Amino acid sequence: MNIESAFHLPSQSAPELLDNRSANERAILTLIRQRIALPKAEIAQLTGLSAQSATVIIKKLETDGLVKRLAPIKGGVGQPKVPFGLNANGAFSIGLKVGRRGFDMTLLDLKGNVKATLHEKFDYPTVSNLLNFAERAFGVLTKNLDKAQQNLVRGLGVAMPFEIWSWAEEAGAPKKELEEWKEFDPQTALESLLKLPVFIKNDAGAACSAEMSFGNPKRYDSFLYIFVGTFLGGGLVLNNQLINGKTGNAGAIGSLPFLSQNHQRQLITQSSLYLLESELEKAGEDAKHIYESPSYWQCNESLVENWVRETAKGLAFASQCAMSLLDLDGVIIDGAIPSNIKELLVEATQRALKDLDMRGITPAQISPGHVGVKAQSIGSANLALQANYF
């Protein structure tokens, strides 16, 4: 993978890598992360390295604290095999998710375990609130690490919607407040504030990277990833590589043109959570509840059912477009929504696809995302680990 193109955009300077690893080291670390634990012989076989080369690299990774020996596998002929796994405390990363309704900061270890997380909610994001939260939350999260572990923090990953100012009306935010983001350089500001390299990615792209690393149980090599948040977003994976595109917006399905009742608009206005929020407000219900309790909703079932049905029409259209252009293995749907709602949305999208003219197109396999509600937050924290190790 081209690290420079994968973890910064043309408008950003390439972040410093604090522990940049060789291609063979990355291949072994990635393989161990995927398989959880592997003995040397299997690592050599699966990577195509000689037994001697694999042994030398694994020994170096063990000495550097990135992998560790696990309990021997007993049984079979000969000496017990000694598997190697990632050392969770071998490296850490911080993630910052800039949402349209809240900020999250997450501390992740090398194995992808969430060690700590902080959340702050708001009606709309401002630059000053972001910097205040980043400084405060970073201090709280790093207190959970001892001095040696603090020195193993490899960077700050930031997941944020690009052109955050472009949908002020839909977000219910003052246009003047969001206009501040046009002149704001988050990479420079956060590197100066936190003294760490900063890796920035589109929020849905970061969520997609989390699904690649810690989900995708069907092992799709190429897929469209859909994240249903306040605003709809997506990511694109081809041959096991997350595609950025020229400006980092590859897979940004929210901007697809969508025709409804002879009126063309963007897909974001068909399949986003803010639409359910609006309907709940009209019905006199607590609309903010869907953001404050994304794992469990208590609201009008008929409104939710209608939102699922209408949202699925947009997701089916995006799936049709992706399959016709790219002939993918499948489509993965996730979001800041409860798991039972996600299952209903997957089923509704599959039904909606049957109403579309799919002649000449391979039928799309639609699967639920595995990482879930916190995919954007976990994805942001995963960015620095990916840049250095995987």
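Residues numbered from 1 in each chain as written. Predicted model: local features only at pLDDT ≥ 70, side-chain atom pairs only at ≥ 80, totals over all residues. Heavy atoms only, no water.

Trainee: Which residues make up the side chain of Gln270, and what values go with them?
Mentor: Along the polypeptide, Gln270 turns up in the loop between strand E13 (263-266) and helix H11 (273-282). For Gln270, a relative accessible area of 7% gives the class buried. Side-chain polar atoms of Gln270 contact the backbone oxygen of Glu310, separated by 2.7 Å. Setting aside its immediate chain neighbours within four residues, Gln270 contacts Phe258, Arg265, Leu275, Glu310, Thr311, Lys313 and Gly314. (Helix = DSSP H or I, 4+ residues; strand = E, 2+ residues; numbered from the N terminus. Buried < 20%, exposed > 50% of the residue type's maximum accessible area, 1.4 Å probe, protein only. Polar contact = N/O pair within 3.5 Å; in protein donor to acceptor, adjacent residues only side chain to side chain. Contact = heavy atoms within 4.5 Å.)

Trainee: Which residues make up the sheet that holds strand E4 (residues 92-98), and what are the values?
Mentor: What the five strands build is an open sheet, ordered E6-E5-E4-E7-E8; its pairing is mixed. Sheet topology places strand E6 (114-121) and strand E8 (198-202) at the edges, where each strand pairs with a single neighbour. Strand-to-strand twist in this sheet, taken as the mean axis angle between neighbours without regard to direction, amounts to 15 degrees. Across five bridges, the pairing between E4 and strand E7 (residues 153-160) is parallel. Along E7, the bridge assignment pairs Lys97 with Ala159. Lying on the sheet, helix H5 (residues 127-142) is in contact with E4, strand E5 (102-109) and E6; it crosses E5 at an angle near 30 degrees. Contacts from helix H9 (residues 186-194) reach E4, E7 and E8, with the element oriented near 145 degrees to E8. (Pairing = 2+ DSSP bridges. Axes fitted to C-alpha atoms, helices over the stretch in contact; angles between N-to-C directions.)

Trainee: So what's going on with the nonpolar core? Residues and values would help.
Mentor: Ile226, Trp297 and Trp307 are the most contacted members of the largest nonpolar core, which has 44 residues in total. Breaking this core down by element, the ones donating at least two residues are strand E9 (223-228), strand E10 (232-238), H11, helix H12 (289-292), helix H13 (301-326), strand E14 (330-335) and helix H14 (339-354). Here this core takes 10 residues from H13, the largest share from any one element. When residues no more than four places from it in sequence are discounted, the contact partners of Trp297 are Leu273, Leu276, His289, Ile290, Val304, Trp307, Ala336, Ile337, Pro338 and Ile341. (Core = buried A, V, L, I, M, F, W, Y, C linked by side-chain atoms within 4.5 Å.)

Trainee: Outline unusual backbone geometry, supporting the account with residue identities and numerical values.
Mentor: Glycine aside, negative phi is the norm for most residues, and most peptide bonds take the trans geometry. If you check the backbone angles, Arg219 has positive phi at about 55 degrees while not being a glycine. Even without being a glycine, Asn239 presents a positive backbone phi close to 50 degrees. Mapped onto the elements, Asn239 comes out in the loop between E10 and strand E11 (241-242). What makes Asn239 exposed here is its relative accessible area of 63%.

Trainee: Which residues make up the environment of Gln376, and what are the values?
Mentor: Structurally, the position occupied by Gln376 is in helix H15 (residues 375-389). For the pair Gln376 and Val158, spaced 218 residues apart in the sequence, the C-alpha separation amounts to 9.3 Å. Aside from chain neighbours lying at most four places away, what touches Gln376 is Lys97, Ala159, Asp203, Ala204, Ala206, Ala207 and Phe227.

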